[in-house]
Amino acid sequence: MAREGASKLLRKARKAKSDEFYTQYVDIQKEVEAYLEYNPDTFRNKVVYCNCDDPFESNFFRYFVLNFERIGLKSLITTSYKPSPVANTQLGLFGDNETVTQKKGRQKITANKFIINSVGDIDGDGEFSLKDVALQLRQNKKNEWAPLDGDGDFRSDESIELLKQSDFVITNPPFSLFREFISQLVDYDKKFLIIGNINSISYREVFLLIKENKVWLGTGMGRWISGFIVPDSYELYGSEARIDENGNRIVATNNCLWLTNLDHGKRHQPLPLMTMNDNIKFSTHKKIKGQKYKKYENYDAIEVPFTDAIPSDYDGVMGVPITFLDKYNPDQFEIIDINPHFFSIVEQGLPKPDQLHISGQKDPYARILIKHRKA
């Protein structure tokens, strides 16, 4: 119930086009480190672009700037979106915390960009920190801090120019603009690691990319993302909502995931399966044990309500839960379509089937239609 409440909050925010959900450092670290474990040179000599609300409040910026040398970055670009309470002030870079003086004839400063090309211990305290970044920006040594003319929207010409300079985009994009965001990344042929709502899987723009093996899930979904930092104005739902030791207000949700086109080892692990007869004999699921696998009345496929109940010896099409994608190995399975949208069938110009139906049962809403790949 706790996570259900948080999920309702995210749905409400998406409907209201409110996107003030900030990713926790621990979740970014856990996900990014998985790619480095698979390939330590993933980011070496590359440019990472984190377009976020405020670089000095963003944990994406914090992670990549603090690990800049360890992972071998060439450059880190980050932009704020609209007025930023931290980035629109002096940041302690030029003296007291006073608002930057507006230049004559120039638009009011609403957004900023930071380009980090070099990091290091400048203040001599023996360790590298965000304070050192601030000092480097102040001294303008190989790094850049500058206001943007516009509001930092990812669709603006300024942001697109920065996008063109980058190799990777890693961020938590606005949920309300997720379709546009991921379409832009594909159009500009960028590598990316982004957070989305689980419902984004059923977007046409996303599902067809997953089907074509151009996009896939990151290393975890649901509880893999432990929660989001929200503003003071947001109500804290459920028993898992909390205020952490730094005073951050955290809401937990199990309906978010990472989407990426970066390779990681998990997606190459085969899913261990039993035969259909063994599933019927030994499955721990009541809907499977001692039962026959049911066929849809309006589509040539069987219903498999649990991912671990996929029969290893069935050659036809199977309808599996959308959470199957967390275990999806493209070498083991082929994705056919998704119920109830049937994007692939529509793309072929064929009549769209009715929603999958089994007599006497509640219609399964979301099902990924799959089949085994032939050896």
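Residues numbered from 1 in each chain as written. Predicted model: local features only at pLDDT ≥ 70, side-chain atom pairs only at ≥ 80, totals over all residues. Heavy atoms only, no water.

Engineer: Give me the lowdown on helix 2 (residues 25–38), citing residues and values where you can.
Structural biologist: Along an α-helix, a turn takes 3.6 residues, which lines up residues three or four apart on a common side. Its 14 residues place the ends of helix 2 20 Å apart at the C-alpha level, agreeing with the 20 Å of an ideal helix rising 1.5 Å per residue. Taken together, the buried positions of helix 2 are Asp27, Ile28, Glu31, Val32, Tyr35 and Leu36. Each buried residue of helix 2 lies within a common arc of 165° when the element is viewed along its axis, so the set occupies one face. (Helix = DSSP H or I, 4+ residues; strand = E, 2+ residues; numbered from the N terminus. Expected span 1.5 Å × (residues − 1). Buried < 20%, exposed > 50% of the residue type's maximum accessible area, 1.4 Å probe, protein only. Arc of directions from axis to C-beta.)

Engineer: Summarise the pairing of strand 12 (residues 256–260); cite the residues concerned and give the values.
Structural biologist: Of all 5 residues making up strand 12, 5 are buried, and the element is well covered by its neighbours. Alternating residues of strand 12 divide into Cys256, Trp258 and Thr260 and Leu257 and Leu259, and every residue in both groups is buried.

Engineer: Explain the nonpolar core to me, and be specific about the residues and the numbers.
Structural biologist: In this structure, Leu259, Ile310, Leu325, Ile368 and Ile370 are the most contacted members of the largest nonpolar core, which totals 48 residues. For this core, the element with the most residues is helix 8 (residues 204–211), which contributes 5 residues. Ignoring anything within four residues of it in the chain, the contact list for Ile310 reads Leu271, Leu273, Met274, Asn279, Val304, Met318, Val320, Phe324, Phe333, Ile370 and His372. In terms of nonpolar packing, the next biggest core, distinct from the first, is built from 33 residues, Ile116, Val133, Ile195 and Val230 among them. (Core = buried A, V, L, I, M, F, W, Y, C linked by side-chain atoms within 4.5 Å. Contact = heavy atoms within 4.5 Å.)

Engineer: I'd like to hear about the packing of aromatic side chains, residue by residue, with values.
Structural biologist: Taken as a whole, this structure holds 12 aromatic pairs when the rule is applied. An aromatic cluster is defined as three or more aromatic residues linked by ring pairs; in this entry it consists of Tyr25, Phe43, Tyr63, Phe64 and Phe168. Across from the ring centre of Phe154, 5.3 Å away, lies the NZ or CZ of Arg155, which sits over that ring. Against the face of Tyr203 rests Arg179, its NZ or CZ located 3.7 Å from the ring centre. (Phe/Tyr/Trp six-rings, centres within 6.5 Å; stacked < 30°, edge-to-face > 60°. Lys NZ or Arg CZ within 6 Å of the ring centre and 35° of its normal.)

Engineer: Outline the sheet that holds strand 14 (residues 318–320), listing residues and values.
Structural biologist: In space, the 4 strands of this open sheet follow the order 13-14-16-15, with mixed pairing throughout. Both outer strands of the open sheet, strand 13 (302–303) and strand 15 (333–339), are each paired with one neighbouring strand and no more. As paired strands, strand 13 and strand 14 are joined by 2 bridges and run parallel to one another. Opposite Ile302, over in strand 14, you have Met318 as the bridge partner. (Pairing = 2+ DSSP bridges.)

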